[in-house]
Amino acid sequence: MASARKEAEARLLVSSPPLDSEESDEERAYDSDEKVAISISDEDEYAAAEAAGSVPPFSWRKLWRFTGPGFLMCIAFLDPGNLEGDLQSGAIAGYSLLWLLLWATVMGLLIQLLSARLGVATGRHLAELCREEYPAWARVALWLMAELALIGADIQEVIGSAIAIKILGGGSIPLWGGVIITALDCFIFLFLENYGVRKLEAFFGVLVATMAISFAIMFGETKPSGKELLIGVTVPKLSSKTIKQAVGVVGCIIMPHNVFLHSALVQSRKIDTNKKSRVQEAMNYYTIESSVALALSFFINICVTTVFAKGFYGTQVASTIGLENAGEFLQEKYGTMLFPILYIWGIGLLASGQSSTITGTYAGQFIMGGFLNLRLKKWVRSLITRSFAIVPTIIVALFFDTEDSTMDTLNESLNVLQSVQIPFALIPLLTLVSKEQVMGAFRIGPITKVVSWIVVAFLIIINGYLLVDFFSAEIRGPFLESSVGAALVVYVAFVIYLILRSCALFSRQKNFSSSSN
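Remember, predicted model here, so these are calculated numbers, not experimental data.

Things to note about the side chain of Thr 67
Of note, Thr 67 is situated in the loop between helix 3 (60-66) and helix 4 (69-73). The contacts of Thr 67, once residues within four sequence positions are left out, are Arg 198, Glu 201, Arg 269 and Glu 289.

Structure representation (structure tokens):
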């Protein structure tokens, strides 16, 4: 009956964690005294909005107070792995894949908005909810997959920072030295976190602005074709020669750890999850803020892609350009113009690497704390999550030369490592945002659900192609082939389990809705 359904929704809203709940021993993304106060509307205005089933009128001041989480989230769209994908796309495919970059960013925005919706509506982040939703064995498996994805991303980000430090140091600082310097960013993170969420967000805002200015200067100096840029963004083109770059463009956009991160970041604001008007208002502001942040990330990616399209598309060196030698190629091509382009590239790359490694540390805290329900001091969790990536990265820096082709193989391996984790972040996300027992009145509707599953299926297929392409090229010998085959069977079985569990939950929910009506 309708009355029974309303009572169920009321229980769901009441069961959400209170605004300043301190009595729970469970891990929380932010303590109540760390959260940013939002409410600048008077209580009468909120009461009227609640009664009318709407939200208070738009406020620029309030939007400013919500601004922050989206710009931390967008850094995953600008990490060194994405920049490498951009420059290789531009050098090999020219302007032809810009349309795909646009739509990949739109798909990324959809996924991140679902992540933010989950965090705002429930007051909990994805890792915490996965701990409650899945049995112990699946929970541990999801945690390990998330940690592996984070380690793979962090290695690339730390190596990217180390390359930038080597460039800016005139080649005098070895790669391993740059890795150690980058490792110290953990202490920068801890220092800024002690001064509050807004100070930390301002720091990341400066790093994103540094990237935007650096790559905009490169764009201005090299003067890519505006006509070709416009055609590339609006006219879809894809050939057999650019399939690998196309897969790279899409595959780099969705980072598994970023899905976990965004659902936690949105909880840095004080939102009363017991009041629908305040939850809806927060979702509206986060949608605006995240859209602006990803529009900025799209601009930065466009700048990098078109600079390398202008300088190297159709040249003999196009297929040899990577993150480690891109600065040298830029210097040889353009020399010293108004600004020394090698150092402008180095500054932008350093901002990218530093910001993404620190957000990786942040994400690692939430993932470990959420899945394992650990109540550790922040500096302990930061050191643990930092060491997970730094130790293997130092090994990589000592044994791999950035000029060696093995570094390219390593990067491809790390991309594959992150790609195989995509289903283990996106399927649980869609399962939870579709579940009425979790989301209450804010579960996604049927149209959004269908579109989201289509996007997730597309992303899984794209990353599956990357996986098959890598293994077919790199795996040799009966022992390795059989080992990979066995691992693949387990992997596919786990993905199928997650999908079937989601379908079963949907069927039960549909039956409940039918009986209520």
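Here we look at the packing of helix 14 (residues 256-265) against helix 17 (residues 341-372)
Between two packed helices, both the angle of their axes relative to each other and the distance between the axes serve to describe the pair. Interaxial distance between helix 14 and helix 17 falls to 9 Å at its minimum, and their mutual angle equals 80°. The orientation of helix 14 relative to helix 17 falls into the category roughly perpendicular. On helix 17, the residues that touch His 257, Phe 260, Leu 261, Ala 264 and Leu 265 of helix 14 are Thr 359, Tyr 362, Ala 363, Phe 366, Ile 367 and Phe 371. Taken together, the residues of the contact of helix 14 with helix 17 sort by class into nine nonpolar, two polar and no charged.

Describing helix 8 (residues 136-168)
Spanning 33 residues, helix 8 covers 47 Å between terminal C-alpha atoms, matching the ideal 48 Å at 1.5 Å per step. Where helix 8 ends, the next residue or the one after it, Gly 170, has phi of about 70°, a positive value.

As for the pattern of salt bridges
The tally for this structure, following the rule as stated, stands at six salt bridges. Its salt-bridge partner being Lys 435, residue Glu 133 comes within 2.7 Å of it at the nearest N-O pair. On the criterion of sequence distance, the pair formed by Glu 133 in helix 7 (residues 126-133) and Lys 435 in the loop between helix 20 (423-433) and helix 21 (436-439) is long-range, its members being 302 residues apart. The residues Glu 133 and Lys 435 share a single accessibility class, namely buried. One network of salt bridges, in which partners are shared, links Glu 133, Lys 435 and Arg 501.

Focus on the side chain of Gln 354
When you line up the elements, Gln 354 lands in helix 17. Among all residues touching Gln 354, those that are not within four sequence positions of it are Ser 161, Thr 182 and Asp 185.

Observations concerning the confidence of the model for the chain
For the chain, per-residue confidence averages 82 on the pLDDT scale, and 84% of positions sit at 70 or higher. Every residue in residues 1-23 scores below 50 in pLDDT, and together they form 36 contacts with partners more than four places removed in sequence or on other chains.

Focus on unusual backbone geometry
Here the phi dihedral of Lys 223 falls at roughly 55°; this positive angle occurs in a residue that is not glycine. Its place among the elements puts Lys 223 in the loop between helix 11 (197-222) and helix 12 (226-234).

Reading the values: rules and limits
- Residues numbered from 1 in each chain as written.
- Predicted model: local features only at pLDDT ≥ 70, side-chain atom pairs only at ≥ 80, totals over all residues.
- Heavy atoms only, no water.
- Helix = DSSP H or I, 4+ residues; strand = E, 2+ residues; numbered from the N terminus.
- Contact = heavy atoms within 4.5 Å.
- Axes fitted to C-alpha atoms, helices over the stretch in contact; angles between N-to-C directions.
- Parallel < 35°, antiparallel > 145°, perpendicular 65-115°, else oblique.
- Nonpolar A, V, L, I, M, F, W, Y, C, P; charged D, E, K, R; others polar.
- Expected span 1.5 Å × (residues − 1).
- Salt bridge = Lys/Arg side-chain N within 4 Å of Asp/Glu carboxyl O.
- Buried < 20%, exposed > 50% of the residue type's maximum accessible area, 1.4 Å probe, protein only.
- pLDDT = per-residue confidence, 0-100.

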